[in-house]
Amino acid sequence: MKVGVLVLVIILGSVLIYGSLEFPPWGDPASPASSHLSPYYIEKSLEDTSVPNLVTAVLADYRGYDTMFETIVIFAAGMACIFLLRSSGKEESGTRLYRHIPTGITLRIEKKSAFPEKSEAFERIDSVWVPHDLIVKTTCRLIVPFIQIFGLYVIAHGHHSPGGGFQGGVILGAALILFAISFNLRSAIRRMGERLTLMLSTLGVFIYAGTGVVCMLVGMNYLDYSALAAMLGVDPVTARSHGILVVEIGVGIAVMSVMVTLYYNLASTGKHDEGL
Amino acid sequence: MDAFLNVLISKANYWVYITLMMIGLYGIVAKQNMVKKIIGLNILQTAVILFFISIGAKKNATIPIIEHAHDGTHTTIAAIHYINPLPHVLMLTAIVVAVATLGVALTLVVRIHQQYHTLEENEILKRIQET
């Protein structure tokens, strides 16, 4: 079986390498991919949209439909994860472990025995042994706000430097996941609950699709941001740049909350109880 | 010899991606473990992403961000000075969608493990036939 697959893969690879001999050489400015549509994008997008970053201009304006449905794909992935994994049951998972914070002693509470959930001296810990790591917790607590500010910068500055909604959303989501890993899943969920992440992921898609609908209500085409010129009080070209910023914010919110949703469900296999 | 070197220099990037792609394909087909199959799928995806990015490259060109766009000093924008932005756009969305589909794939793997308590493909098939 494995030898057969290896032979097949080698044959297919040699056929592809033979085919690659007809490809344009690396870095050829006259290659087919760079000679039909992309010169238009490079030469005209600054006067069309006043966005210097061509990737952002093409992503959110010329190919706005594509990006909108990519956002919907990400949203659908988050929904699929919840539908497949989330178990809503509040059933207790047997024993619980608590750490007495001043002394570091771990208590094991058996099933059915009551314990005050909110206590200053005790904190609940995961059933797999978790050492009390002050250095990791303190470092992550210090670093997370800066990561989040950098994520916001990447979203907001996507017009002038590499960045945009997708990248910034992933950075914001990674900051929350870092927090959840360094503390525990419960304290992350206390700060950003399931309901909030679901509402934010819906809000992100709504902002993107809603911008298109607003353009349509003014009487222009769907996602033609120059329709926003009268509302924003700027000329149509600048309005397209502002419209790109609005949809990038929507993409960023959707991507961040879907990343967090995926992590919550995968780390705890849908229980949102204890995880990595 | 020189002819071969010219071919090597101008086509070596494609060969690297083809190798990566074949590694990924081998992982998908030959490995029995579901997680290893997903890793193979991701390697294949990476090969496609690298292939697209290398299509956009141009010699003596810079990143697709117009220089001095708003300070009034920019000259005529020529397509030859900036690399092709289109593959970058396509792959930018593809990377994030790859992460999302990876999440769904791992979700399915978790569900399969809950149901059959194994991730080996042949054992799962055996247990499906038993029931």
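Residues numbered from 1 in each chain as written. Chains lettered and ligands numbered in written order. Predicted model: local features only at pLDDT ≥ 70, side-chain atom pairs only at ≥ 80, totals over all residues.

Asker: What exactly am I supposed to notice about the overall build of chain B here?
Answerer: Within chain B, the regular secondary structure consists of 4 helices and 0 strands. Taking 14 Å as the expected radius of gyration for a compact globule of 131 residues, we find that chain B reaches 22 Å, considerably beyond that expectation. With the C-alpha coordinates of chain B rotated into their principal frame, the extents come out at 75 × 50 × 15 Å. Among the 131 residues that make up chain B, the fraction classed as buried is 24%. Across chain B, every contact between residues at least 6 apart in sequence was considered, and the portion connecting residues at least 24 apart equals 51%. (Helix = DSSP H or I, 4+ residues; strand = E, 2+ residues; numbered from the N terminus. Rg over C-alpha atoms; globule rule 2.2 N^0.38 Å. Buried ≥ 20, exposed ≤ 12 C-beta atoms within 10 Å, placed from the backbone. Contact = placed C-beta atoms within 7 Å.)

Asker: What is the right way to look at the nonpolar core in this model?
Answerer: Counting residues in hydrophobic clusters, the biggest one holds 59 residues, and the most contacted among them are Val58, Ile74, Ala254, Val255, Val258 and Met259 of chain A. For this core, the leading source of residues is helix α10 (residues 236-267) of chain A, giving 16 residues. Setting aside chain neighbours within four positions, we find isoleucine 74 of chain A in contact with Ala254, Val255 and Val258 of chain A together with Val96, Val97 and Ala100 of chain B. With 10 residues, the next largest nonpolar core counts Tyr14, Met21, Ala47 and Phe51 of chain B among its residues. (Core = buried A, V, L, I, M, F, W, Y, C linked by C-beta atoms within 7 Å.)

Asker: How should I be thinking about the interface of chain B and chain A in this particular structure?
Answerer: Interface size, as often reported, equals the accessible area lost upon joining of the parts. Contacts between the two partners involve 46 residues from chain B, matched on the other side by 49 residues from chain A. Of all the elements in the fold, those that place two or more residues in the side of chain B that touches chain A are α1 (2-30), α2 (34-55) and α3 (85-116) of chain B. Here the element with the most residues in the side of chain B that touches chain A is α3 of chain B; it accounts for 18 residues. Considering only residue class, the side of chain B that touches chain A consists of 31 nonpolar, 11 polar and 4 charged. (Nonpolar A, V, L, I, M, F, W, Y, C, P; charged D, E, K, R; others polar.)

Asker: Please clarify how the sheet that holds strand β1 (residues 96-100) of chain A should be interpreted in this entry.
Answerer: Each strand in a sheet pairs with its neighbour through backbone hydrogen bonds, running either in the same direction (parallel) or in the opposite one (antiparallel). Residues and elements named next belong to chain A. Spatial ordering of the open sheet is given by β2-β1-β3, a layout of 3 strands whose pairing is antiparallel. Two strands close off the open sheet at either side, each with one partner strand: β2 (106-109) and β3 (122-125). Within the sheet, the average angular offset between the axes of one strand and its neighbour, ignoring direction, is 35 degrees. (Pairing = 2+ DSSP bridges. Axes fitted to C-alpha atoms, helices over the stretch in contact; angles between N-to-C directions.)

Asker: Any chance you could explain the pairing of β1 of chain A here in plain terms?
Answerer: Here is the key point about a regular strand: its side chains alternate between the two faces of the sheet. Residues and elements named next belong to chain A. Pairing analysis gives 4 bridges linking β1 to β2, with the strands arranged antiparallel. Within the sheet, the bridge partner assigned to arginine 99 lies in β2 and is threonine 106. Pairing of β1 with β3, which is carried by 4 bridges, proceeds in the antiparallel orientation. Paired with tyrosine 98 across the strands is arginine 124, a residue of β3.

Asker: Sorry if this is basic, but what is going on with the environment of phenylalanine 83 of chain A here?
Answerer: Looking at where phenylalanine 83 of chain A falls in the secondary structure, it is placed in helix α4 (residues 64-85). For the pair phenylalanine 83 of chain A and glycine 270 of chain A, spaced 187 residues apart in the sequence, the C-alpha separation amounts to 9.4 Å.

Asker: Looking at this structure, I do not really get the packing of α1 of chain B against α2 of chain B. What am I missing?
Answerer: All names here are of chain B. In contact at an axis separation of 7 Å, α1 and α2 are set at 160 degrees when each is read in the N-to-C sense. One finds that α1 runs roughly antiparallel with respect to α2. Seen from above, α1 lies across α2 with left-handed handedness. When α1 is examined against α2, the residues Asn13, Tyr17, Leu20, Met21, Ile23, Gly24, Leu25, Gly27 and Ile28 are found in contact with a partner set consisting of Lys36, Lys37, Ile39, Gly40, Leu41, Ile43, Leu44, Thr46, Ala47, Leu50, Phe51 and Ser54. Across the contact of α1 with α2, the residue classes tally to 13 nonpolar, 6 polar and 2 charged. (Parallel < 35°, antiparallel > 145°, perpendicular 65-115°, else oblique. Left-handed = near helix turned anticlockwise from the far one by under 90°.)

Asker: Explanation requested: the environment of arginine 240 of chain A in the structure shown.
Answerer: Residue and element names in this part refer to chain A. Among the secondary structure elements, arginine 240 is positioned in helix α10. Overall, arginine 240 belongs to the buried group, with 24 C-beta atoms counted inside 10 Å. Apart from residues no more than four positions distant in its own chain, arginine 240 is found in contact with Asp48, Thr49, Asp61, Tyr225 and Ser226.

Asker: Quick question: what am I supposed to make of unusual backbone geometry here?
Answerer: Most peptide bonds are trans, and most residues other than glycine sit at a negative phi. Unlike most non-glycine residues, leucine 223 of chain A shows phi in positive territory, near 65 degrees. If you trace the backbone, leucine 223 of chain A turns up in the loop between α8 (194-218) and α9 (229-232). Residue classification places leucine 223 of chain A among the buried positions, given that 23 C-beta atoms sit within 10 Å. A positive phi angle, near 55 degrees, is found at histidine 117 of chain B, a position not held by glycine. Among the secondary structure elements, histidine 117 of chain B is positioned in the loop between α3 and α4 (121-130).

Asker: What is the right way to read helix α1 (residues 2-20) of chain A from this model?
Answerer: An α-helical turn contains 3.6 residues, so any two residues separated by three or four positions project in the same direction. For α1 of chain A, spanning 19 residues, the distance from its first C-alpha to its last is 26 Å, which sits close to the expected 27 Å at 1.5 Å a residue. Here α1 of chain A lies mainly on the outside; 0 of its 19 residues are buried. (Expected span 1.5 Å × (residues − 1).)

Asker: Which parts of the structure should I look at to understand the packing of α10 of chain A against α3 of chain B?
Answerer: To characterise two packed helices, one gives the angle between the axes of the helices and the distance between these axes. For the pair α10 of chain A and α3 of chain B, the least separation of the axes is 10 Å and the interaxial angle reads 20 degrees. As the angle between them shows, α10 of chain A and α3 of chain B are arranged roughly parallel. Between α10 of chain A and α3 of chain B lies a crossing whose hand is left-handed. The segment α10 of chain A lies against α3 of chain B, with Val255, Val258, Leu262, Asn265 and Leu266 of chain A engaging Val96, Ala100, Gly103, Leu106, Thr107 and Val110 of chain B. Taken together, the residues that form the contact of α10 of chain A with α3 of chain B break down as 8 nonpolar, 3 polar and no charged.

Asker: Help me out: how do you make sense of the environment of isoleucine 43 of chain B in this one?
Answerer: Residue and element names in this part refer to chain B. Take isoleucine 43: it is sitting in helix α2. For isoleucine 43, a count of 18 C-beta atoms within 10 Å translates into the label partly exposed. Counting along the chain gives 12 residues from isoleucine 43 to lysine 31, while the straight-line C-alpha distance between them is 14 Å.

Asker: Before we go on, may I ask you to explain the confidence of the model for chain B in this structure?
Answerer: Do not read the fine detail of predicted coordinates wherever pLDDT is low. Scored by pLDDT, chain B has a mean of 89; 97% of the residues are at 70 or more. As scored by the predictor, the complex reaches a pTM of 0.88 and an ipTM of 0.88. (pLDDT = per-residue confidence, 0-100.)

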